[in-house]
Amino acid sequence: MQVITIGLDIAKNVFQVHGVDNAGNAVLRRKVRRDQLIPLLRDIDPCLIGMEACATAHHWARELIALGHVVKLMPPAYVKAYVKRNKNDAADAEAICEAVMRPTMRFVAVKSADAQSILMLHRARHLLVRQRTAQISAMRAHLAEYGVVAPKGRAHVRGLIEALDKGDGPLPAMARQVLILLARTMEGLGAQIRKIEIELLGWYRTNQVCRRLSTIPGIGFITATALAATVVDAKVFRSGRQFAAWLGLVPKQHSSGGKDRMGGISKMGDRYLRHLLVVGATAVIRYTRRKATAVSAWANQLLERKPARLVTVTVANKVARIAWAVMAREENYRATPSMARG
(Lines give C-alpha, C1' and ligand atoms only; values in the text may rest on other atoms or scores of the structure.)
Protein backbone atom coordinates (compact mmCIF):
# COMPACT_ATOMS: atom_id res chain seq x y z
CA MET A 1 0.00 0.00 0.00
CA GLN A 2 1.70 3.18 -1.26
CA VAL A 3 -0.16 6.19 0.09
CA ILE A 4 0.63 9.41 -1.78
CA THR A 5 -1.99 11.81 -0.42
CA ILE A 6 -4.11 11.71 2.73
CA GLY A 7 -7.21 13.68 3.61
CA LEU A 8 -7.59 13.99 7.37
CA ASP A 9 -10.87 15.07 8.94
CA ILE A 10 -10.01 16.09 12.49
CA ALA A 11 -12.31 16.31 15.49
CA LYS A 12 -12.04 16.16 19.27
CA ASN A 13 -11.74 12.40 19.73
CA VAL A 14 -12.52 10.61 16.44
CA PHE A 15 -10.55 11.21 13.21
CA GLN A 16 -11.29 10.01 9.69
CA VAL A 17 -8.37 9.15 7.38
CA HIS A 18 -8.71 8.86 3.60
CA GLY A 19 -5.59 7.95 1.60
CA VAL A 20 -5.07 7.52 -2.14
CA ASP A 21 -2.24 6.08 -4.23
CA ASN A 22 -0.48 7.57 -7.23
CA ALA A 23 -3.38 6.62 -9.52
CA GLY A 24 -5.95 8.29 -7.28
CA ASN A 25 -7.41 5.03 -5.99
CA ALA A 26 -8.53 4.92 -2.35
CA VAL A 27 -6.19 2.58 -0.47
CA LEU A 28 -6.78 3.77 3.10
CA ARG A 29 -10.12 4.43 4.73
CA ARG A 30 -10.06 4.29 8.47
CA LYS A 31 -11.67 5.85 11.50
CA VAL A 32 -9.20 6.23 14.37
CA ARG A 33 -9.32 7.64 17.85
CA ARG A 34 -7.13 10.44 19.11
CA ASP A 35 -4.43 8.24 20.63
CA GLN A 36 -4.24 6.08 17.48
CA LEU A 37 -3.61 8.84 14.93
CA ILE A 38 0.11 9.46 15.47
CA PRO A 39 1.05 5.73 15.54
CA LEU A 40 -0.91 5.16 12.31
CA LEU A 41 0.70 8.04 10.41
CA ARG A 42 4.15 7.25 11.82
CA ASP A 43 4.07 3.89 10.03
CA ILE A 44 3.20 5.53 6.69
CA ASP A 45 5.96 6.88 4.46
CA PRO A 46 6.13 10.70 4.26
CA CYS A 47 3.33 11.97 2.06
CA LEU A 48 1.03 14.97 1.49
CA ILE A 49 -1.63 15.43 4.18
CA GLY A 50 -4.49 17.87 3.80
CA MET A 51 -6.63 19.24 6.64
CA GLU A 52 -9.20 21.94 7.13
CA ALA A 53 -7.88 25.04 8.92
CA CYS A 54 -10.13 24.81 11.96
CA ALA A 55 -9.70 24.39 15.71
CA THR A 56 -6.59 22.32 16.70
CA ALA A 57 -5.51 22.11 13.03
CA HIS A 58 -2.24 23.98 13.61
CA HIS A 59 -1.37 21.70 16.54
CA TRP A 60 -1.88 18.55 14.50
CA ALA A 61 -0.05 20.09 11.54
CA ARG A 62 3.03 20.66 13.71
CA GLU A 63 2.83 17.10 15.04
CA LEU A 64 2.59 15.58 11.55
CA ILE A 65 5.34 17.81 10.14
CA ALA A 66 7.60 16.45 12.90
CA LEU A 67 6.93 12.95 11.49
CA GLY A 68 8.21 14.06 8.07
CA HIS A 69 4.89 14.60 6.29
CA VAL A 70 4.01 17.62 4.16
CA VAL A 71 0.92 19.22 5.70
CA LYS A 72 -1.30 21.75 3.96
CA LEU A 73 -4.25 23.52 5.61
CA MET A 74 -7.24 24.77 3.63
CA PRO A 75 -10.18 27.03 4.51
CA PRO A 76 -13.24 24.83 5.18
CA ALA A 77 -15.34 26.93 2.78
CA TYR A 78 -13.04 25.94 -0.09
CA VAL A 79 -13.28 22.23 0.75
CA LYS A 80 -17.09 22.17 0.95
CA ALA A 81 -17.44 22.21 -2.84
CA TYR A 82 -15.75 18.79 -3.08
CA VAL A 83 -18.26 17.01 -0.83
CA LYS A 84 -20.31 15.00 -3.31
CA ARG A 85 -23.56 14.22 -1.46
CA ASN A 86 -24.35 13.59 2.16
CA LYS A 87 -22.05 15.10 4.74
CA ASN A 88 -20.27 12.68 7.09
CA ASP A 89 -16.74 12.16 8.34
CA ALA A 90 -15.79 9.76 5.54
CA ALA A 91 -17.15 12.08 2.84
CA ASP A 92 -15.38 15.05 4.42
CA ALA A 93 -12.04 13.22 4.50
CA GLU A 94 -12.45 12.21 0.86
CA ALA A 95 -13.28 15.79 -0.09
CA ILE A 96 -10.22 17.08 1.79
CA CYS A 97 -8.03 14.54 -0.01
CA GLU A 98 -9.34 15.68 -3.38
CA ALA A 99 -9.19 19.39 -2.59
CA VAL A 100 -5.58 19.35 -1.39
CA MET A 101 -4.44 18.08 -4.81
CA ARG A 102 -6.08 20.90 -6.77
CA PRO A 103 -3.47 23.23 -8.35
CA THR A 104 -5.63 26.32 -7.78
CA MET A 105 -6.37 25.60 -4.10
CA ARG A 106 -5.41 28.29 -1.59
CA PHE A 107 -3.69 27.20 1.57
CA VAL A 108 -3.24 28.53 5.09
CA ALA A 109 0.27 28.73 6.54
CA VAL A 110 0.88 26.61 9.63
CA LYS A 111 1.29 28.79 12.71
CA SER A 112 3.95 28.20 15.32
CA ALA A 113 3.12 27.73 18.99
CA ASP A 114 4.54 31.20 19.76
CA ALA A 115 2.35 32.84 17.11
CA GLN A 116 -0.71 31.12 18.54
CA SER A 117 0.26 32.38 22.00
CA ILE A 118 0.34 35.97 20.72
CA LEU A 119 -3.05 35.53 19.08
CA MET A 120 -4.37 34.11 22.35
CA LEU A 121 -3.28 37.34 24.06
CA HIS A 122 -5.16 39.31 21.43
CA ARG A 123 -8.32 37.24 21.82
CA ALA A 124 -8.17 37.56 25.61
CA ARG A 125 -7.64 41.32 25.38
CA HIS A 126 -10.54 41.68 22.95
CA LEU A 127 -12.81 39.72 25.30
CA LEU A 128 -11.79 41.83 28.32
CA VAL A 129 -12.32 45.09 26.40
CA ARG A 130 -15.83 43.97 25.44
CA GLN A 131 -16.57 43.07 29.05
CA ARG A 132 -15.29 46.44 30.25
CA THR A 133 -17.42 48.23 27.66
CA ALA A 134 -20.46 46.31 28.86
CA GLN A 135 -19.73 47.34 32.47
CA ILE A 136 -19.39 51.00 31.43
CA SER A 137 -22.67 50.89 29.51
CA ALA A 138 -24.43 49.29 32.47
CA MET A 139 -23.11 51.95 34.88
CA ARG A 140 -24.11 54.81 32.59
CA ALA A 141 -27.60 53.34 32.18
CA HIS A 142 -28.08 52.86 35.94
CA LEU A 143 -26.88 56.38 36.75
CA ALA A 144 -29.14 57.87 34.09
CA GLU A 145 -32.13 56.46 35.99
CA TYR A 146 -31.19 58.81 38.86
CA GLY A 147 -30.59 61.79 36.62
CA VAL A 148 -26.78 61.50 36.60
CA VAL A 149 -25.54 61.79 33.01
CA ALA A 150 -21.95 62.04 31.81
CA PRO A 151 -20.54 62.71 28.32
CA LYS A 152 -19.71 59.74 26.13
CA GLY A 153 -16.33 58.10 26.42
CA ARG A 154 -14.49 55.91 28.87
CA ALA A 155 -12.48 58.87 30.22
CA HIS A 156 -15.63 60.58 31.54
CA VAL A 157 -16.58 57.53 33.60
CA ARG A 158 -13.70 58.24 35.99
CA GLY A 159 -15.50 61.31 37.27
CA LEU A 160 -18.58 59.21 37.99
CA ILE A 161 -16.50 56.69 39.93
CA GLU A 162 -14.91 59.46 42.01
CA ALA A 163 -18.37 60.85 42.81
CA LEU A 164 -19.50 57.39 43.94
CA ASP A 165 -16.50 57.02 46.24
CA LYS A 166 -17.21 60.42 47.83
CA GLY A 167 -20.88 59.65 48.30
CA ASP A 168 -22.01 62.65 46.22
CA GLY A 169 -25.24 62.70 44.28
CA PRO A 170 -28.86 61.66 44.84
CA LEU A 171 -28.18 57.93 45.00
CA PRO A 172 -29.63 55.54 47.60
CA ALA A 173 -27.09 53.60 49.63
CA MET A 174 -27.99 50.24 48.03
CA ALA A 175 -27.70 51.64 44.50
CA ARG A 176 -24.33 53.17 45.36
CA GLN A 177 -23.05 49.80 46.62
CA VAL A 178 -24.03 48.09 43.38
CA LEU A 179 -22.42 50.80 41.26
CA ILE A 180 -19.22 50.68 43.31
CA LEU A 181 -19.12 46.93 42.68
CA LEU A 182 -19.37 47.59 38.93
CA ALA A 183 -16.65 50.22 39.22
CA ARG A 184 -14.27 47.82 40.96
CA THR A 185 -14.96 45.22 38.27
CA MET A 186 -14.09 47.80 35.61
CA GLU A 187 -10.84 48.63 37.38
CA GLY A 188 -9.92 44.94 37.57
CA LEU A 189 -10.64 44.48 33.86
CA GLY A 190 -8.54 47.54 33.07
CA ALA A 191 -5.59 46.15 35.06
CA GLN A 192 -5.81 42.81 33.21
CA ILE A 193 -5.95 44.59 29.85
CA ARG A 194 -2.84 46.60 30.72
CA LYS A 195 -0.96 43.40 31.66
CA ILE A 196 -1.81 41.86 28.28
CA GLU A 197 -0.76 45.02 26.45
CA ILE A 198 2.59 44.99 28.29
CA GLU A 199 3.16 41.41 27.07
CA LEU A 200 2.24 42.39 23.50
CA LEU A 201 4.49 45.43 23.66
CA GLY A 202 7.41 43.28 24.82
CA TRP A 203 6.95 40.88 21.87
CA TYR A 204 6.54 43.84 19.52
CA ARG A 205 9.92 45.26 20.53
CA THR A 206 11.69 41.97 19.81
CA ASN A 207 9.97 41.23 16.48
CA GLN A 208 11.37 42.88 13.38
CA VAL A 209 8.20 42.36 11.31
CA CYS A 210 6.14 44.21 13.92
CA ARG A 211 8.53 47.15 13.92
CA ARG A 212 8.35 47.35 10.14
CA LEU A 213 4.55 47.31 10.19
CA SER A 214 4.40 50.08 12.78
CA THR A 215 6.03 52.46 10.27
CA ILE A 216 2.76 52.45 8.30
CA PRO A 217 0.23 55.20 9.17
CA GLY A 218 -2.74 53.76 11.06
CA ILE A 219 -0.87 50.72 12.44
CA GLY A 220 0.22 50.67 16.09
CA PHE A 221 1.73 47.89 18.14
CA ILE A 222 -1.65 46.17 18.65
CA THR A 223 -2.38 45.88 14.92
CA ALA A 224 1.27 45.14 14.11
CA THR A 225 1.47 42.19 16.51
CA ALA A 226 -1.88 40.83 15.32
CA LEU A 227 -0.78 40.97 11.67
CA ALA A 228 2.64 39.46 12.35
CA ALA A 229 1.18 36.57 14.36
CA THR A 230 -1.68 35.85 11.96
CA VAL A 231 0.14 36.18 8.63
CA VAL A 232 3.03 33.77 9.05
CA ASP A 233 4.14 34.03 5.41
CA ALA A 234 2.90 37.02 3.41
CA LYS A 235 4.22 35.48 0.20
CA VAL A 236 1.34 33.02 0.30
CA PHE A 237 -0.65 35.88 -1.22
CA ARG A 238 0.23 36.84 -4.78
CA SER A 239 -0.36 40.55 -4.25
CA GLY A 240 -1.57 43.17 -1.83
CA ARG A 241 -4.90 43.11 -3.62
CA GLN A 242 -5.36 39.42 -2.84
CA PHE A 243 -4.36 40.07 0.78
CA ALA A 244 -6.99 42.85 1.08
CA ALA A 245 -9.57 40.53 -0.48
CA TRP A 246 -8.64 37.82 2.05
CA LEU A 247 -9.38 40.32 4.82
CA GLY A 248 -12.78 41.13 3.30
CA LEU A 249 -11.93 44.76 2.50
CA VAL A 250 -13.06 44.60 -1.14
CA PRO A 251 -16.55 44.94 -2.68
CA LYS A 252 -18.66 41.82 -2.85
CA GLN A 253 -19.46 40.95 -6.45
CA HIS A 254 -22.78 39.83 -7.90
CA SER A 255 -21.64 39.89 -11.53
CA SER A 256 -23.13 37.83 -14.34
CA GLY A 257 -23.58 38.04 -18.08
CA GLY A 258 -20.82 40.59 -18.48
CA LYS A 259 -22.50 43.02 -16.08
CA ASP A 260 -20.48 44.02 -13.02
CA ARG A 261 -22.52 44.52 -9.86
CA MET A 262 -20.62 45.59 -6.78
CA GLY A 263 -22.08 45.64 -3.28
CA GLY A 264 -20.70 46.33 0.17
CA ILE A 265 -17.44 44.82 1.35
CA SER A 266 -17.36 41.03 1.41
CA LYS A 267 -16.40 40.80 5.14
CA MET A 268 -14.56 37.54 4.46
CA GLY A 269 -11.45 36.45 6.32
CA ASP A 270 -10.27 37.46 9.77
CA ARG A 271 -12.86 39.74 11.38
CA TYR A 272 -10.49 40.88 14.13
CA LEU A 273 -7.79 42.04 11.73
CA ARG A 274 -10.35 43.83 9.61
CA HIS A 275 -11.67 45.60 12.71
CA LEU A 276 -8.18 46.76 13.72
CA LEU A 277 -7.39 48.06 10.24
CA VAL A 278 -10.67 49.98 9.98
CA VAL A 279 -10.12 51.54 13.42
CA GLY A 280 -6.60 52.54 12.39
CA ALA A 281 -7.89 54.03 9.13
CA THR A 282 -10.44 56.03 11.13
CA ALA A 283 -7.58 57.50 13.17
CA VAL A 284 -5.69 58.38 9.98
CA ILE A 285 -8.69 60.31 8.65
CA ARG A 286 -9.43 61.97 11.99
CA TYR A 287 -5.93 63.37 12.38
CA THR A 288 -5.26 63.84 8.68
CA ARG A 289 -4.94 67.63 8.90
CA ARG A 290 -2.32 67.53 11.66
CA LYS A 291 0.26 65.54 9.73
CA ALA A 292 0.28 65.73 5.95
CA THR A 293 1.28 62.45 4.29
CA ALA A 294 0.59 60.81 0.96
CA VAL A 295 -2.13 58.65 2.54
CA SER A 296 -3.82 61.58 4.28
CA ALA A 297 -3.75 63.74 1.15
CA TRP A 298 -5.32 60.92 -0.86
CA ALA A 299 -7.96 60.43 1.86
CA ASN A 300 -8.80 64.16 1.82
CA GLN A 301 -9.44 64.03 -1.90
CA LEU A 302 -11.81 61.10 -1.41
CA LEU A 303 -13.65 62.85 1.44
CA GLU A 304 -14.59 65.68 -0.91
CA ARG A 305 -16.83 63.37 -2.93
CA LYS A 306 -17.43 60.20 -0.84
CA PRO A 307 -19.02 59.45 2.60
CA ALA A 308 -16.64 59.25 5.55
CA ARG A 309 -17.28 55.57 6.33
CA LEU A 310 -16.68 54.54 2.72
CA VAL A 311 -13.40 56.47 2.75
CA THR A 312 -12.42 54.81 6.03
CA VAL A 313 -12.80 51.32 4.55
CA THR A 314 -10.97 52.45 1.40
CA VAL A 315 -8.05 53.69 3.50
CA ALA A 316 -8.09 50.39 5.43
CA ASN A 317 -7.83 48.57 2.09
CA LYS A 318 -4.86 50.71 1.12
CA VAL A 319 -3.17 50.16 4.50
CA ALA A 320 -3.67 46.39 4.13
CA ARG A 321 -1.97 46.45 0.73
CA ILE A 322 0.93 48.46 2.13
CA ALA A 323 1.20 46.02 5.05
CA TRP A 324 1.45 43.10 2.61
CA ALA A 325 4.22 44.85 0.67
CA VAL A 326 6.13 45.56 3.89
CA MET A 327 5.88 41.94 5.05
CA ALA A 328 6.52 40.32 1.66
CA ARG A 329 9.47 42.55 0.70
CA GLU A 330 10.88 42.71 4.24
CA GLU A 331 11.43 46.46 4.23
CA ASN A 332 10.10 49.50 6.06
CA TYR A 333 7.33 51.69 4.75
CA ARG A 334 8.78 54.57 2.78
CA ALA A 335 6.57 57.53 3.55
CA THR A 336 6.40 60.24 0.90
CA PRO A 337 5.37 63.80 1.82
CA SER A 338 2.15 65.03 0.30
CA MET A 339 2.14 67.73 -2.33
CA ALA A 340 2.14 71.24 -0.99
CA ARG A 341 -1.27 72.82 -1.08
CA GLY A 342 -1.61 75.95 -3.14
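Each value, and the rule that gives it
- Residues numbered from 1 in each chain as written.
- Predicted model: local features only at pLDDT ≥ 70, side-chain atom pairs only at ≥ 80, totals over all residues.
- Heavy atoms only, no water.
- Helix = DSSP H or I, 4+ residues; strand = E, 2+ residues; numbered from the N terminus.
- Rg over C-alpha atoms; globule rule 2.2 N^0.38 Å.
- Buried < 20%, exposed > 50% of the residue type's maximum accessible area, 1.4 Å probe, protein only.
- Contact = heavy atoms within 4.5 Å.
- Areas by Shrake-Rupley, 256 points an atom, 1.4 Å probe, with all protein chains shown as cover.
- Phe/Tyr/Trp six-rings, centres within 6.5 Å; stacked < 30°, edge-to-face > 60°.
- Lys NZ or Arg CZ within 6 Å of the ring centre and 35° of its normal.
- Pairing = 2+ DSSP bridges.
- pLDDT = per-residue confidence, 0-100.
- UniProt positions renumbered as here; feature names shortened; annotations may be inferred.
- Arc of directions from axis to C-beta.
- Axes fitted to C-alpha atoms, helices over the stretch in contact; angles between N-to-C directions.

1. Some thoughts on the overall build of the chain
The secondary structure content of the chain amounts to 13 helices and seven strands. On C-alpha atoms alone, the chain measures out to a radius of gyration of 25 Å, which is more than a quarter above the 20 Å that the 2.2 N^0.38 rule sets for 342 residues. Seen along its three principal axes, the alpha-carbon backbone of the chain occupies a region of about 80 × 60 × 45 Å. Across the 342 residues in the chain, those meeting the buried criterion constitute 40%. In the chain, once contacts between residues fewer than 6 apart in sequence are set aside, the share between residues at least 24 apart is 56%. Carbon and sulfur atoms make up 52% of the accessible area of the chain, which totals about 20000 Å².

2. Quick look at the packing of aromatic side chains
Taken as a whole, this structure holds five aromatic pairs when the rule is applied. With 5.2 Å between their ring centres and 75° between their planes, Phe 15 and Trp 60 make a pair best called edge-to-face. With Phe 15 in strand 2 (residues 14-20) and Trp 60 in helix 2 (residues 57-66), this pair connects stretches of sequence that are 45 residues apart. Classification of Trp 60 as buried rests on a relative accessible area of 4%. Counting every residue linked through ring pairs, the aromatic cluster contains Phe 237, Phe 243 and Trp 246. Note that Lys 72 overlies the ring of Phe 107, its terminal NZ or CZ placed 4.7 Å from the centroid.

3. Considering the pairing of strand 5 (residues 70-74)
Note that strand 4 (residues 48-52) and strand 5 share five bridges and pair parallel. Note that in strand 5 the partner of Leu 48 across the bridge is Val 70.

4. Let's talk about the confidence of the model for the chain
Across the chain, the average pLDDT comes to 89, with 95% of residues at or above 70. For the chain, helix 12 (residues 294-303) is the element with the lowest average pLDDT, namely 77, and strand 4 is the one with the highest, namely 97. Contacts for the low-pLDDT stretch residues 338-342, under 50 throughout, to residues beyond four places or in other chains number five contacts.

5. Side note on the UniProt feature "domain: Transposase IS110-like N-terminal" (unreviewed entry) in the chain
Mapped onto this structure's residue numbering, the UniProt feature "domain: Transposase IS110-like N-terminal" (unreviewed entry) falls at residues 6-146. Counted over residues 6-146, helix gives 47% and strand 21%. Its end C-alpha atoms are 65 Å apart.

6. Focus: helix 1 (residues 34-42)
Those residues of helix 1 that fall on the buried side of the exposure criterion are Leu 37, Ile 38, Leu 40 and Leu 41. Down the axis of helix 1, the buried side of the element spans an arc of 165°, and every buried residue falls inside it. Those residues of helix 1 that are exposed and aimed more than 90 degrees away from the buried face are Asp 35 and Arg 42. Residues of helix 1 that are buried in the fold lie against strand 1 (5-9), strand 2, strand 3 (26-33), strand 4 and helix 2.

7. Some details on the sheet that holds strand 3
Spatially, five strands are ordered 3-2-1-4-5 in an open sheet, and the strand pairing comes out mixed. Looking at strand neighbours, the two that pair on one side only are strand 3 and strand 5, the edges of this open sheet. The sheet shows a mean angle of 20° between the axes of neighbouring strands, taken without regard to direction. This element, helix 1, spans strand 1, strand 2, strand 3 and strand 4 of the sheet and lies at about 145° to strand 3. In the packing of helix 4 (residues 89-99) onto the sheet, the strands contacted are strand 1, strand 2, strand 4 and strand 5, and the crossing angle to strand 1 comes to about 140°.

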